[in-house]
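Observations on the model geometry
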Amino acid sequence: MNIELKEISIRELTNGYSDNEEDGVVGFGGKFDIRPPYQREFVYKDKQREAVIDTVIKGFPLNVMYWAHKEDGNYEVIDGQQRTISISQYINGDFAYMMRYFHNLQNDEREQILDYKLMVYFCSGTDSEKLEWFKTINIAGEELSEQELRNAVYSGSWVTEAKKYFSKNGCVAYSMANQYMSGTVNRQDYLETAINWISKRDRTTIENYMASHQHDTNASELWLYFKSVIDWVGVVFPKYRKEMKGIEWGILYNEYKDDKSLDPKTLEAKISALMQDEDVGSKKGVYEYLLTGKEKHLNIRAFNDNQKREAYEKQNGICVKCKDHFELSQMEADHATPWHEGGKTDAQNCQMLCRECNRRKSGK
């Protein structure tokens, strides 16, 4: 990797600035690719963006930026994308600083900003060297997410196409599934979730899936799979509740999409009952419980210390299963009538078992 330090004025940087949804973001007379395929979307918040402009106006130095030479003679950003876009958006009139847009400034104020010098390292090297350098220097500032790093490592036509579905503000994945999904699209959370789901289906890893599709010309397989997951959820659980947001729906789809016994009306009746059951500590876990049958998802309310002590005294410290005597600290509370058979978490249904008997009964 060869590195050369140069000064670039804001006037030069913002010459020909354009932010196009499909064609990307360019500057420096159209020769500078500000958002290569491996780069994240713009994620700076207003205060961060304003801090960049404040630094420029005061004439303080910004941190050095890194550009990479491309084979066609142009350049692409390695580090400094967020600062570059902040500056360009301000010059372009996209936002105001201290209630003044760039065009509201006096001529000498505008000229002072345009003449501001940025320190830029121009880097030449192989694609792998540039990507490795990108990962190394981007650990500062807005730290890269795991998926942003993966996008860098496996950059190519497939990542570019996948990001159109999952990584743009207002993308189709958000429009279709935001009520079911956690995270944000521009930090690659939707993309990561979708790839994780489909890689689990294929019994592989996110990294292996991305590596095997890196040079595909489209990401239609991932999109069609994701759409199938969301459609399935809407059919099986047609009544939406806020607890449905953030569930690993793709994992459940992989396992239960062909289960013909899943009747939406029957499931809705059970969901309604479980949502009203005060013993169910995790309402979000209701959906996984109904599909898997595992009570652990419900976080059934535990007996409190008073109920445990009362049951222990009634039993005189005798385990109701093995009939041996134990100290209270050696015993665990258990539902005499199991919760799934209608047993409540109250004093009348509390019995104390030794740890071994409780584990044997619970199948732990």
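Quick summary incoming for the structure in this document.

Our next topic: the overall build of the protein. Across its full length, the protein carries 16 helices and 9 strands. Taken over the C-alpha trace, the protein has a radius of gyration of 29 Å; the compact-globule value for 364 residues is 21 Å, which it surpasses by more than 25%. For the protein, the residues scored as buried account for 45% of the 364 residues in total. Long-range contacts, defined here as pairs at least 24 residues apart, represent 64% of the contacts in the protein between residues at least 6 apart. Of the accessible surface of the protein, which amounts to about 19,200 Å², a share of 46% is contributed by carbon and sulfur atoms.

Now for the sheet that holds strand 5 (residues 65-69). As summarised here, the arrangement of the 7 strands in space is 1-7-5-6-4-3-2, forming an open sheet in which the pairing is mixed. Edge positions in the open sheet fall to strand 1 (2-9) and strand 2 (18-20), since each of these has one partner strand only. Both strand 5 and strand 6 (residues 75-79) contribute to a ladder of 4 bridges, which runs antiparallel. Paired with alanine 68 across the strands is glutamate 76, a residue of strand 6. Sitting on the sheet, helix 3 (residues 81-91) is in contact with strand 4 (32-33), strand 5, strand 6 and strand 7 (117-124), with an inclination near 115 degrees to strand 6.

Let us look at the state of the cysteines. This structure, assessed with the given rule, holds 0 disulfides. Here cysteine 350 is not disulfide-linked; the sulfur of cysteine 319 is the nearest cysteine sulfur, at 12 Å.

Summed over all chains, the structure comprises 25 aromatic pairs. Taken together through their ring pairs, the aromatic side chains of Phe28, Phe32, Trp67, Tyr75 and Phe122 make up a single cluster. Over the ring of phenylalanine 122 we find lysine 6, and its NZ or CZ is 4.9 Å from the ring centre. Over the ring of phenylalanine 95 we find arginine 49; its NZ or CZ atom is 3.8 Å from the centre of that ring.

This part takes up the packing of helix 7 (residues 157-166) against helix 9 (residues 189-201). It is at 9 Å that the axes of helix 7 and helix 9 come closest, and there the two elements cross at 110 degrees. Between helix 7 and helix 9, the angle falls in the class roughly perpendicular. Crossing angle aside, the handedness with which helix 7 passes helix 9 is right-handed. When helix 7 is examined against helix 9, the residues Trp158, Ala162, Lys163 and Phe166 are found in contact with a partner set consisting of Tyr190, Leu191, Ala194 and Ile195.

Let us look at the pairing of strand 3 (residues 24-27). Bridge analysis of strand 2 against strand 3 gives 3 bridges, and the strand direction is antiparallel. Each bridged residue has a counterpart across the sheet, and for aspartate 19 the counterpart in strand 3 is valine 25. Counted along the chain from strand 3 to the antiparallel partner strand 4, the turn is 4 residues long, and its residue phenylalanine 28 has a positive phi close to 55 degrees.

This part covers helix 9. With 13 residues, helix 9 should reach 18 Å at 1.5 Å per residue; the first-to-last C-alpha distance of 19 Å fits that figure. The set of residues buried in helix 9 consists of Tyr190, Leu191, Ala194, Ile195, Asn196, Trp197, Ile198 and Ser199. Where helix 9 is buried, its residues touch helix 6 (146-153), helix 7, helix 8 (172-177), helix 10 (206-213), helix 11 (220-236) and helix 12 (249-256). Just downstream of helix 9, arginine 203 is the residue with a positive phi angle, here 55 degrees.

Parameters and conventions
- Residues numbered from 1 in each chain as written.
- Predicted model: local features only at pLDDT ≥ 70, side-chain atom pairs only at ≥ 80, totals over all residues.
- Heavy atoms only, no water.
- Helix = DSSP H or I, 4+ residues; strand = E, 2+ residues; numbered from the N terminus.
- Rg over C-alpha atoms; globule rule 2.2 N^0.38 Å.
- Buried < 20%, exposed > 50% of the residue type's maximum accessible area, 1.4 Å probe, protein only.
- Contact = heavy atoms within 4.5 Å.
- Areas by Shrake-Rupley, 256 points an atom, 1.4 Å probe, with all protein chains shown as cover.
- Pairing = 2+ DSSP bridges.
- Axes fitted to C-alpha atoms, helices over the stretch in contact; angles between N-to-C directions.
- Disulfide = S-S within 2.5 Å.
- Phe/Tyr/Trp six-rings, centres within 6.5 Å; stacked < 30°, edge-to-face > 60°.
- Lys NZ or Arg CZ within 6 Å of the ring centre and 35° of its normal.
- Parallel < 35°, antiparallel > 145°, perpendicular 65-115°, else oblique.
- Left-handed = near helix turned anticlockwise from the far one by under 90°.
- Expected span 1.5 Å × (residues − 1).

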